[in-house]
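Structural characterization, general
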Amino acid sequence: MVKDNDGCVQVIIRSNQTNITNSIFTNSTTGISVSGTGSYVVNSFISNISITSASTGVSLIAATSPIFSEVVVSQSAVGFSVDTLSSGTNISGLRLHNNTAGISISATNVLFENSYINSSTYYGMRISTAAKEGIFRNLTFVGNNMSLFFLPTTGALRDHNFTNIFVHNSTGPALVFNVNGISAALDRMNFTNLSVIGTNSSYPDLQFIASGTDLQNIRFEDSYFANYSFTGTGGRYFTFESSLFGKIKFLDYINGSGTNLSADVRILNNSATVRNEVNSGLNTTANVTLYGISTTFSDPVILKDDVAECADCYNFTHLNASTVIFNVSSWSNYSIGNNITDDIAAPIVNLLHPANDSSPHVPLVWFAANVTDAVNVSNATLYIWNATSLVGTNFSS
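**Thoughts on the pattern of salt bridges**
Considering all chains together, one arrives at 6 salt bridges under this definition. In this structure, Asp187 and Arg188 form a salt bridge, with 3.4 Å as the shortest nitrogen-oxygen distance. Salt-bridge contacts for Glu241 lead to Arg219; the nearest nitrogen and oxygen are separated by 3.3 Å. Of this pair, Glu241 sits in strand β24 (residues 239–242) while Arg219 is found in strand β22 (residues 215–221), placing the two residues 22 residues apart along the sequence. Taking the relative accessible area as the measure of exposure, Glu241 reaches 13% and is therefore buried. Sharing partners across several salt bridges, the network here consists of Asp159, Asp187 and Arg188.

**Here we look at the state of the cysteines**
In this structure the tally under the stated criterion is 1 disulfide. Here Cys310 pairs with Cys313 through a disulfide, and the sulfurs are 2.0 Å apart. Residues Cys310 and Cys313 share a disulfide whose torsion about the S-S bond is about 80°; that sign makes it right-handed. You can call Cys313 buried: its relative accessible area is 14%.

**Digging into the side chain of Thr129**
Here Thr129 is to be found in strand β15 (residues 123–129). Given a relative accessible area of 17%, Thr129 falls into the buried group. Not counting residues within four places of it along the chain, the set of residues in contact with Thr129 comprises Thr84, Ser106, Leu151, Pro152, Thr153, Thr154, Gly155 and Leu157.

**A look at the sheet that holds strand β30 (residues 300–304)**
If you walk across this open sheet you meet the 5 strands as β27-β28-β34-β30-β31, and the pairing is antiparallel. Among the strands making up the open sheet, the edge pair consists of β27 (265–268) and β31 (308–309). Pairing analysis gives 4 bridges linking β27 to strand β28 (residues 271–274), with the strands arranged antiparallel. Its bridge partner lying in β28, Arg266 is registered against Thr273.

**Describing the confidence of the model for the protein**
Looking at the protein as a whole, its pLDDT mean stands at 86, while 82% of the residues score no less than 70. Confidence drops under a pLDDT of 50 for residues 1–7, and excluding neighbours within four residues, the segment shows 21 contacts in the predicted structure.

Rules used throughout
- Residues numbered from 1 in each chain as written.
- Predicted model: local features only at pLDDT ≥ 70, side-chain atom pairs only at ≥ 80, totals over all residues.
- Heavy atoms only, no water.
- Salt bridge = Lys/Arg side-chain N within 4 Å of Asp/Glu carboxyl O.
- Helix = DSSP H or I, 4+ residues; strand = E, 2+ residues; numbered from the N terminus.
- Buried < 20%, exposed > 50% of the residue type's maximum accessible area, 1.4 Å probe, protein only.
- Disulfide = S-S within 2.5 Å.
- Contact = heavy atoms within 4.5 Å.
- Pairing = 2+ DSSP bridges.
- pLDDT = per-residue confidence, 0-100.

Pasting the structure below:
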């Protein structure tokens, strides 16, 4: 166990396969520095560390495959920093409390999981420079200013995957993507089960600052947002997916703002809706995929607003498939159903009980009928009249 106070850099690791466990550091410039200084430090293992009031709690410089487990950093300027020359960093069980900045990552191949970051006054986690191929899962952010901050500077941020991310009570914008001025600066980012709640009402859950072609191929699955803002040209190839019902992939740039993104772009059972009347910046061509579609339609078509066949849609799969993929050129509500124009004749109704034109004198009368039509019949309503007026109805489906 190491216990030290009032140091400048309290532990500097410059050799391979170094282990540090069960240590406490306070009031330092840097609590732990893993630094290759020209060469690379490989396979260091650091666990059960507590660092308080440092300029940088943990700093990785030219470190390859370091492993950090159960590290606590509080009241520091930067809790944890992984620089561009480091790779293969594995961080689990990190606890960052009341720091100015939580964790800064500009390296490739980072695995960051099972960690908690709260009350950072600048950002909870920043991914910057040209970081690529990170895996982030089971992370909780509570009460941070910018909880997740994406800031490419020297190149693109690409191929990052986020799973089970909980962002609660952000004091500023919850997720900020500031990619203004760098071509393809944010590309191939996947977010699954991202929960954002309780954001300060003066700020959006989701904020994109973009221009040109610098924001593309962003996918959100089973993720929910209220306030949102796309400034500048916005982004293209955005996908919003429900693992149960389907997905919408926009093929052109989307932009604008609104108060409920999850309502403005909505996928339900056999239903894809974009409320372009709320935000016209979402009214662009898209590919729609619907899961779990009935395969028993007699004449399936793509319906627009449930009333007419879409004239300018085209499908990539058979419309009687359980998963249907089709393209739309503008937005409203789309679903799969029978061709309504086929139903030009009234259904044929054969009354079975009581007999037609009969007058049964009993206190309770039950009705039965056979109904056939050119398309599937989903429901029927029975209207009961006496000699002068309607006396009752019964709906059956």
